[in-house]
Amino acid sequence: MNNELLFQQIQKKRSFLCVGLDTDIQRVPKNLLNAADPVLAFNRKIIDATADYTVAYKPNIAFYESLGWKGWHTLEKTVEYLKSKYPEIFLIADAKRGDIGNTSDLYARAFFEKLDFDAVTVAPYMGEDSVKPFMNYTEKWVVLLALTSNEGAADFQYLKNEESGDQLFESVLKTSQNWGTPENMMYVVGATKAEKLKEIRQIVPDHFLLVPGVGAQGGSLQEVAKNGMNSHCGLLVNSSRGIIYASGEKDFAKKAGEAAKAVQQEMELLLKEKGL
Ligand SMILES: O=c1ccn([C@@H]2O[C@H](COP(=O)(O)O)[C@@H](O)[C@H]2O)c(=O)[nH]1
């Protein structure tokens, strides 16, 4: 899916929500634990309840890998379900990969060929040759970590380069935008760092930003939209726990649908305010 199609989906659904499928087997409601694959059963119900309100899903790969080969199988089945039932949905593998070239090649093959994700999150730390192999898939997207939502982001990402005066996250944005285009690269910026979005938009005015950190981490959707939205929206705002665990009981899917709808309604107003 290219960014024009993504924007069309945002306009059609009046939403720039990305639902995070961070499905923790410990939090799957009891009534699903007898299913052959409880995580898959949970994901399907969450997807069906939220699909009207979201333009993207983002399974965090850790939740699947931690279950061994069975988890990988569940991830495959979740992707298959989404691709067959909701082909217009944008699918992001939150894997935070990146390694020397031949290894990145295989990470890219895993997420883009074996699993048919549209996008994968990549860490920029190892530089251009670790990111390029993902870019060889011309129809796919790299989502590069720029300024993350966690507290530890301050350990390195705010460090200033004495010569340029740029903080590390600014250097990441400035250098890496030559590795791809706004057609095949996005950046992760945490909603908890929304005060930085104005300066980030000065550096990357046209790129989509994947913004985790609203909901459970307390970031403000209003502030993200105010500082980060561009003329094509340019935002995918992720919420995982705030939606998929809206209830831990039998009514979990209904409550997840309601939580997603509430976020979508807020987003609709924000799009309208921006004239989109
Ligand atoms: O900077 C980052 C990068 C990735 N994430 C991921 O997003 C979700 C957030 O989950 P919530 O439950 O909505 O807090 C999760 O998969 C993180 O690994 C992030 O939070 N911050």
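Quick notes on the rules
- Residues numbered from 1 in each chain as written.
- Predicted model: local features only at pLDDT ≥ 70, side-chain atom pairs only at ≥ 80, totals over all residues.
- UniProt positions renumbered as here; feature names shortened; annotations may be inferred.
- Contact = placed C-beta atoms within 7 Å.
- Pairing = 2+ DSSP bridges.
- Helix = DSSP H or I, 4+ residues; strand = E, 2+ residues; numbered from the N terminus.
- Axes fitted to C-alpha atoms, helices over the stretch in contact; angles between N-to-C directions.
- Core = buried A, V, L, I, M, F, W, Y, C linked by C-beta atoms within 7 Å.
- Buried ≥ 20, exposed ≤ 12 C-beta atoms within 10 Å, placed from the backbone.
- Near = placed C-beta within 6 Å.
- Nonpolar A, V, L, I, M, F, W, Y, C, P; charged D, E, K, R; others polar.
- Right-handed = clockwise from strand over helix to strand, strands pointing away.

**Considerations on the UniProt feature "active site" (unreviewed entry) in the chain**
Next, step 1: Mapped onto this numbering, the UniProt entry gives "active site" (unreviewed entry) at Lys96.
Next, step 2: Those residues in contact with Lys96 that sit more than four places away from it in its chain are Thr121, Ala123 and Leu145.

**Examining the sheet that holds strand β4 (residues 119-122)**
Next, step 1: Pairing is parallel in the closed barrel, where 8 strands are placed in the order β1-β2-β3-β4-β5-β6-β7-β8. Each strand axis lies, on average, 30 degrees off the axis of its neighbour in the sheet, ignoring direction.
Next, step 2: Relative to β4, strand β3 (residues 90-97) runs parallel, the two being bridged by 3 bridges. Within β4, the position partnered with Arg97 by the bridge is Val122.

**Describing the nonpolar core**
Next, step 1: Within the largest apolar cluster, 84 residues are counted, with the highest numbers of intra-cluster contacts made by Val143 and Val237.
Next, step 2: Broken down by element, this core gets its largest block of residues, 8 residues, from helix α12 (residues 252-273).
Next, step 3: In contact with Val237, not counting residues within four places along its chain, are Phe16, Leu17, Cys18, Ala191, Val211, Val214, Leu221 and Val224.

**Considering the site of the ligand**
Next, step 1: Residues in close proximity to the ligand total 18 residues, the closest being Asn60, Thr148, Pro212, Ser240 and Arg241.
Next, step 2: Looking at the shell around the ligand, the elements with two or more residues in it are β8 (235-239) and α11 (241-244).
Next, step 3: Class assignment of the residues belonging to the shell around the ligand gives a composition of 3 nonpolar, 12 polar and 3 charged.

**Things to note about the pairing of strand β1 (residues 17-21)**
Next, step 1: For β1, the tally of buried residues reaches 5 of 5 residues, placing the bulk of the element in the interior.
Next, step 2: Of the two faces of β1, both are covered, the one formed by Leu17, Val19 and Leu21 as well as the one formed by Cys18 and Gly20.
Next, step 3: Here β1 runs beside β8; their pairing, made up of 3 bridges, is parallel. Its bridge partner lying in β8, Cys18 is registered against Asn238.
Next, step 4: For β1 and strand β2 (residues 56-59), the ladder comprises 4 bridges, and the chain directions are parallel. Of the residues in β2, the one forming a bridge with Leu21 is Pro59.

**Some details on the pairing of β2**
Next, step 1: Side chains Ala56 and Lys58 project from β2 onto one buried face, and the interleaved Tyr57 and Pro59 project onto a second face that is buried too.
Next, step 2: You can see the chain leave β1, run along helix α2 (residues 38-50) and come back into β2, and the turn it takes is right-handed.
Next, step 3: Of the pairings in the sheet, the one linking β2 to β3 comprises 2 bridges and is parallel in character. If you follow Tyr57 over to β3, its bridge partner there is Leu91.

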